[in-house]
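# What the coordinates show
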Amino acid sequence: MKVALKIWRSNSQTGERALREYEVDAPEWATLLDVLDLVKDRHDGSLAYRKSCRMTICGSCGMRMDGKTVLACRTRMYDIAEAGHIPVISAMGNMPVVKDLVTDMDSFWEKFKSVKPYVQPGYIEPPGGREHIISREQMSAIHKESLCINCGACVSECNAMESDPAFLGPHALAKAMRFVGDPRDSKRIDRLEEVSGHNGIHQCTRCYYCNERCPKGVDPRDAIAKLSAEAIKESIDSDMGAKHAKWFVTSAKTTGWLRETELVPKTQGVLASIKQAKFALELARHGKVPPPFPAHVAKNVKESRRLHGIVARQGRNGFAGIVQGEQAMAKLEHGHTGHSDRDPYGPGSFPRPYLPGEKREGAKA
Amino acid sequence: MKQVAYYKGCLASLSAKELDTSTRALAPKVGLELIELESVTCCGAGDIHEAEPDYYLHLNARILAYAAATGADTLMTVCNVCTLNLRQANWQLVNDTELRARVNENLAQVGVQPYERDIEVKHFLWEVAAGEGYEKLKVAAHRGLKGLKIAPFYGCQILRPSKLMGFEDPDSPSSLERIIEACGGEALDYPAKLKCCGFPIIQAREETALGELVQPIEQAYEMGADAMVTPCPLCHLSLDAWQSKLKKTTGKDFNMPILHLSQLIGVAAGISEADLQFKRHVVSVDKVMAKLDA
């Protein structure tokens, strides 16, 4: 098939920048990465892009196609070429471009390093040199975060980072959650305090681009929510973002609806609110500051108040409160029906892996 | 008439009452009969989800239970954030029998009927952008916005995460454009129409939020938009009320009127000012109405 592409070519040293069009003959199964290889091989050897594994493992080939960050090796070109569309290929966002499709990922790795992406062990060694066994339930709590391949697709599209480049961002924060949730780690509280700082979780603007773009299903936005819930559970809640979140809880269990007018002083403190007085008066003139009295109270609100007490006693808040929904959420990835009759280890499928303690068929007892 | 359980959420009950009144006035014209929900609470707005997630799930289960008890098949929202929070909780409850059983047991303890019959959560936009609602809208609002250039602004949580929302392609949606055109207006295209308005952090990180907010308003302004329209009252609040703060940071006075989706269709369908309540906006809508009358 004929595949046409437009590529933003640029060179940070000369400052040159131009949109060039290429057309190659490619096999029907070709991915964007295959097509770039053909362009480099047949048309212009100076085209720069990163690649390595070609199978969504190494995370090297992040780039944008029509403005949307993808892994080139995971993007098939057949439908696009058949439709006669000529996509525009450009470098990832939120990082400076070095040349063509290659970005400078220094700040990405600096943020990665800043969350100390390794286990800092704190468990008691079992006697006699035995293994420290972790249950499957414990590890499944960080299953999604462990899937990250550091490709940068989430960072490339992060709306909050576009506005404030100092924001730690979805990739580093998902990595932080991977260790906060690791039962072998001893620095959970230190980590929660660090991510609750100025450039941490409360900068996330909940645009959900990271979840949308991640090629591995890490769902960094959900990891950020897990960090927040866990920090608040541990009373690491002095940041305005945490106070803001907690006020919604107070509202829900007292009046049922958000106590909107009190939200600003409860989040920013009384002094900061006074500084906003002129702005608030302007809003009040248009009815945007509803009077706190009489309170807007939901009927039967005592039910939500009592629910709060019951839930608190059951102890499933913190990150566990989000992890509990993941089994259901995983069904979304597999065809939107929510129900699958197909046994993933049934006939015609890959053999089921053996779990520890299980006897292999035909193996000697 | 299609009966829907109507969940208006916090803002339409409080600082964005105009969203509630215009939705109510418009509903019968687009074939919707709204069933009032009295006992429901806030969905948590994503904040309870990241503060006390198990409580978030229970609050939303309670809302879903009351909505299902009306007998309607659809719980209709008028806010992106409510839509995401309710759809997320609903998906988890419907697809995890054990989780649902525990939540229902807790609901029973406080005297709430269990959430048993499944209900679907849909935004008002989805009700009028396709199917019968869209056919009725075309009749009700035919060529009522002639000469107006409207910049659609989607807001994040009606598009993403798309696997949970699923109404349209999150990278090239067309529902708002279709509605603007059915109302006789001209829909403008600009890159920031799919991006974040910054609202969730506008109190905790105002500077970062304003850096996001300026993009759609500035781009719509440069395209010559007469107004912007959004299906989300939180986007509306930041675009409308926080716009004055952009004057200080950018030195530009955009003076860009912002319409709720129900107001935009409402204008085209001839709903009265008493229901549209434009006086409740910070940025005046007068010049839009004047251009329409001219």
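Residues numbered from 1 in each chain as written. Chains lettered and ligands numbered in written order. Predicted model: local features only at pLDDT ≥ 70, side-chain atom pairs only at ≥ 80, totals over all residues. Heavy atoms only, no water.

### Comments concerning the sheet that holds strand β5 (residues 149-152) of chain B
All names here are of chain B.
- Spatially, 4 strands are ordered β6-β5-β7-β8 in an open sheet, and the strand pairing comes out parallel. For this open sheet the edge positions go to β6 (186-187) and β8 (258-260), each flanked by a neighbour on one side alone.
- Direction of pairing for strand β7 (residues 227-230) relative to β8: parallel, over a ladder of 3 bridges. The residue of β8 that forms the bridge with V229 is L259. (Pairing = 2+ DSSP bridges. Helix = DSSP H or I, 4+ residues; strand = E, 2+ residues; numbered from the N terminus.)

### A closer look at the domain arrangement of chain B
All names here are of chain B.
- For chain B, the assigned domains read domain 1 (2-124) and domain 2 (142-293).
- Using C-alpha coordinates to define each centre, domain 1 is positioned 25 Å away from domain 2.
- Each partner contributes to the interface: domain 1 provides 24 residues, whereas domain 2 provides 28 residues.
- When domain 1 packs against domain 2, the two sides together hide about 2,200 Å² of surface, and 68% of this comes from carbon and sulfur.
- The largest contributions to the domain 1 side of the interface with domain 2 come from E18, N80 and L84, which together make up 29% of the buried area.
- At the boundary of domain 1 and domain 2, one finds 1 salt bridge.
- Salt-bridge contacts for R280 lead to E18; the nearest nitrogen and oxygen are separated by 3.0 Å.
- Elements with a contribution of two residues or more to the side of domain 1 that touches domain 2: α2 (17-26) and α4 (80-94).
- The element contributing the most residues to the side of domain 1 that touches domain 2 is α2, with 8 residues. (Domains from an automatic or database assignment. Contact = heavy atoms within 4.5 Å. Buried area = accessible area lost by both parts, 1.4 Å probe. Salt bridge = Lys/Arg side-chain N within 4 Å of Asp/Glu carboxyl O.)

### As for the interface of chain A and chain B
- In this complex, chain A contributes 79 residues to the contact, which on the side of chain B involves 80 residues.
- Between chain A and chain B, the buried area comes to about 7,200 Å², and carbon and sulfur atoms account for 55% of it.
- By the criterion of area lost to chain B, the three top residues of chain A are R206, W257 and K288 of chain A, representing 10% of everything that side buries.
- Connecting chain A to chain B are 11 salt bridges.
- Among the ionic pairs, D239 of chain A bridges to R205 of chain B, the shortest N-O distance being 2.8 Å.
- Linking chain A with chain B are 47 residue pairs in polar contact (both at pLDDT 80 or more), by the criterion used here.
- The biggest single contributor to the side of chain A that touches chain B is helix α16 (residues 301-314) of chain A, with 9 residues.
- Residue composition of the side of chain A that touches chain B, by class: 28 nonpolar, 31 polar and 20 charged. (Polar contact = N/O pair within 3.5 Å; in protein donor to acceptor, adjacent residues only side chain to side chain. Nonpolar A, V, L, I, M, F, W, Y, C, P; charged D, E, K, R; others polar.)

### Looking at the side chain of D237 of chain A
All names here are of chain A.
- By the element assignment, D237 lies in the loop between α11 (220-233) and α12 (240-254).
- Polar contacts involving the side chain of D237 include one to the side chain of K246, which spans 2.6 Å.
- Apart from the residues within four sequence positions on either side, D237 is in contact with I232, A242, K243 and K246.

### Describing the pairing of strand β3 (residues 62-65) of chain A
All names here are of chain A.
- In β3, alternate side chains face the same way, and those of G62 and R64 on one face and M63 and M65 on the other are all buried.
- Taken together, the 4 bridges between β3 and strand β4 (residues 68-71) define a ladder with antiparallel strand orientation. Across the sheet, residue M63 finds its bridge partner in β4, namely V70.
- A loop of 2 residues connects β3 with β4, the two strands running antiparallel in sequence, and D66 in this loop sits at a positive phi of about 50°.
- Summarising the sheet, β3 and strand β5 (residues 88-90) pair through 2 bridges and their orientation is antiparallel. Residue pairing across strands places R64 opposite S90, the latter belonging to β5. (Buried < 20%, exposed > 50% of the residue type's maximum accessible area, 1.4 Å probe, protein only.)

### A word on a nonpolar patch on the surface
- Together, V270, L271 and I274 of chain A make up an exposed nonpolar region whose accessible area comes to about 350 Å².
- Inspection of the secondary structure assignment puts I274 of chain A in helix α14 (residues 270-275). (Patch = residues over 30% accessible without salt bridge, like charges linked within 9 Å, V, L, I, M, F, W, Y side chains within 5 Å. Areas by Shrake-Rupley, 256 points an atom, 1.4 Å probe, with all protein chains shown as cover.)

### Focus: the packing of aromatic side chains
All names here are of chain B.
- Summed over the entire model, instances satisfying the criterion amount to 7 aromatic pairs over all chains.
- Each ring, one from W126 and one from F167, has its centre 5.4 Å from the other, and the planes form 10°; the classification is stacked. Of this pair, W126 sits in helix α6 (residues 124-128) while F167 sits in the loop between α8 (162-165) and α9 (175-182), and the two are 41 residues apart along the sequence.
- Of the residues examined, W126 reaches a relative accessible area of 7% and is grouped as buried.
- On the basis of an interplanar angle of 85° and a centroid distance of 6.1 Å, the ring pair of F199 and W242 is categorised as edge-to-face. With F199 in the loop between β6 and α10 (206-222) and W242 in the loop between α11 (233-241) and α12 (243-250), this pair connects stretches of sequence that are 43 residues apart. (Phe/Tyr/Trp six-rings, centres within 6.5 Å; stacked < 30°, edge-to-face > 60°.)

### Considering the confidence of the model for chain A
All names here are of chain A.
- Summarising the model, chain A shows a mean pLDDT of 90, and 91% of its residues fall at 70 or more.
- For the stretch residues 335-340, pLDDT sits under 50, and the model shows 8 contacts to residues farther than four places along the chain or on other chains.
- Contacts from residues 348-354, a stretch scored under 50 in pLDDT, to residues over four places away or in other chains number 12 contacts. (pLDDT = per-residue confidence, 0-100.)

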